[in-house]
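Secondary and tertiary structure notes
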Amino acid sequence: MTIPVQQHEKVNLLNFDRQGLQAWFTEMGEKPFRAAQLMKWIYQFGVDDFVEMSNLSKSLREKLAQQAEIRLPEVVTEQVSDDGTVKWLLRLDSGNSIETVFIPENDRGTLCISSQVGCALECSFCSTAQQGFNRNLEVAEIIGQVVVANRALKCIPRNERVISNIVLMGMGEPLLNFDNVVTAINIMLEDNAYGLSKRRVTLSTSGVVPAIDRLKQVSDVSLALSLHAPNDALRNELVPLNQKYPIKEVLAACRRYISGETKRKITIEYVLLDGVNDSPQHARELVRLLKSLPCKVNLIPFNPFPGTKYTTSAEAAIERFRNIIVKGGLVTTTRKTRGEDIDAACGQLAGKVQDKTRRTLRRQQKNMTTGRTV
Ligand code: SAH
């Protein structure tokens, strides 16, 4: 009779930033400088097979092969839009997948990554919210999106674009997966990995006030706030987290985040919803609210998705809104919708979420009683 050997779980090295890897190597009785060598192999040379890591001793390579692995999310599909936007559907485990998007522009290439499977917040205009929530992403699953995209982009014909910027604006609320997000950001900024500057990595949040303050203690990446409304009554409706952390407190936290750093600005995201938050009155209110905050406002035309009650503001309404806030002295950009033909636009990222919150079920029940179909 053969007794099956108990397979111990290998450590996925993508879960560590340099500090974590150094600690892990030390624990293994190895020198901490191995961490930097290993990171270069993985993130800069694209090598996952320990055998090929020629500056590591043979015995260390064998030890690594036995105890560790470099396991990436699995690419299920890759779609390339007419405008060059690329979207990947990545499978994490049997029930869950996430989406990651690359947006090429003239002067940069931005990768939009997810931080959670689904989202626990229920912003009324976001399609991820409709899918409910399953779990936080591991560090390996967050940084894994960058690794997969970086390698895949090199394989797309006629694509000379590289990832110059990363935004945490995909599925999930990054500040509710704090530790893993911060570790993944460390890898993005790490010289032995991607070496991106802090200005080129942007974390977008719905406004988790205590976590904004915590973030300032450990990182100094760019911060974007999903504001979407100029007063609490309306923001309570659109971003229910506002009931816990109202606008005044959130903006104060943003101010603290950039305090002591001249020239830094908070990005304010404002999705324009037809007849909801796009009137001249709203624009004037926004000017009053933001005029003393160092910020730039990013106006985002709403991207519809099946079942939504909102519609996109007319172009004239967007222009009118924009003119008022520009005249009011706010630095403003209007986000161009990209990758629409492959459902890769903001708020359209869906993936596959095994909902643990029963939100999808509740919605279906509600729709059954109202006769609405999703
Ligand atoms: N939870 C974080 C990170 C997600 S980013 C946050 O709220 O900031 C999500 C961004 O996508 C939001 O700022 C919003 O600007 C945008 N968004 C969400 N749904 C959208 C939609 N349907 N159309 C356009 N933009 C949307």
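Predicted model only: the values in this text are computed from it and were never measured.

1. Notes on the packing of aromatic side chains
- All told, the structure shown has 7 aromatic pairs when counted by the stated rule.
- Ring centres of Trp-24 and Phe-25 lie 5.4 Å apart, and the angle between their planes is 70 degrees; on these two criteria the pair is classed as edge-to-face. Residues Trp-24 and Phe-25 agree in their burial class; the two are buried.
- On the numbers, 6.1 Å between centres and 65 degrees between planes, the contact of Phe-302 with Phe-305 is edge-to-face.
- Its relative accessible area of 9% is what places Phe-305 among the buried residues.
- An aromatic cluster is built from Phe-16, Trp-24 and Phe-25, whose rings are joined through pairwise contacts.
- The ring of Phe-178 has Arg-214 lying over it, and the distance from NZ or CZ to the ring centre is 3.9 Å.

2. Observations regarding helix α2 (residues 34–44)
- Here α2 lies mainly inside the structure; 8 of its 11 residues are buried.
- Buried within α2 we find Arg-34, Ala-35, Gln-37, Leu-38, Met-39, Trp-41, Ile-42 and Tyr-43.
- Positive backbone phi, approximately 70 degrees, marks Gly-46, located one or two places after α2.

3. Considerations on the domain arrangement of the protein
- Segmenting the protein into domains produces domain 1 (11–69) and domain 2 (74–363).
- Distance from the C-alpha centre of domain 1 to the C-alpha centre of domain 2: 32 Å.
- Residue-level contacts link 15 residues of domain 1 with 15 residues of domain 2.
- With both sides pooled, the region where domain 1 packs onto domain 2 buries about 1200 Å², and carbon together with sulfur makes up 49% of that total.
- When the area that domain 1 buries against domain 2 is broken down by residue, the three leading residues are Asn-15, Asp-17 and Tyr-43, summing to 45%.
- Glu-190 serves as the salt-bridge partner of Arg-18, at 3.0 Å between the closest nitrogen and oxygen.
- The tally of links between domain 1 and domain 2 comes to 10 residue pairs in polar contact (both at pLDDT 80 or more).

4. A look at the environment of His-282
- In this structure, His-282 sits in helix α10 (residues 280–290).
- In this structure, the C-alpha to C-alpha distance between His-282 and Ile-325, residues 43 residues apart in sequence, is 9.8 Å.
- Every residue in contact with His-282, bar those within four places of it in the chain, is listed here: Pro-230, Leu-234, Tyr-270, Val-276, Asn-277 and Phe-321.
- A distance of 2.9 Å separates a polar atom in the side chain of His-282 from a polar atom in the side chain of Ser-279.

5. A few points about the site of the ligand
- What surrounds the ligand is a group of 22 residues, the closest being Phe-125, Ser-204, Ser-206, Ser-226 and Asn-303.
- Contact distances for the ligand include 3.1 Å between an oxygen atom and a side-chain N or O atom of Glu-269.
- In isolation the ligand has 540 Å² of accessible area, and contact with the protein removes 95% of it.
- Where the shell around the ligand is concerned, the elements lending two or more residues are β10 (201–205), β12 (266–272) and β13 (295–301).

Conventions we followed
Residues numbered from 1 in each chain as written. Predicted model: local features only at pLDDT ≥ 70, side-chain atom pairs only at ≥ 80, totals over all residues. Heavy atoms only, no water. Phe/Tyr/Trp six-rings, centres within 6.5 Å; stacked < 30°, edge-to-face > 60°. Buried < 20%, exposed > 50% of the residue type's maximum accessible area, 1.4 Å probe, protein only. Lys NZ or Arg CZ within 6 Å of the ring centre and 35° of its normal. Helix = DSSP H or I, 4+ residues; strand = E, 2+ residues; numbered from the N terminus. Domains from an automatic or database assignment. Contact = heavy atoms within 4.5 Å. Buried area = accessible area lost by both parts, 1.4 Å probe. Salt bridge = Lys/Arg side-chain N within 4 Å of Asp/Glu carboxyl O. Polar contact = N/O pair within 3.5 Å; in protein donor to acceptor, adjacent residues only side chain to side chain. Near = heavy atom within 4 Å. Areas by Shrake-Rupley, 256 points an atom, 1.4 Å probe, with all protein chains shown as cover.

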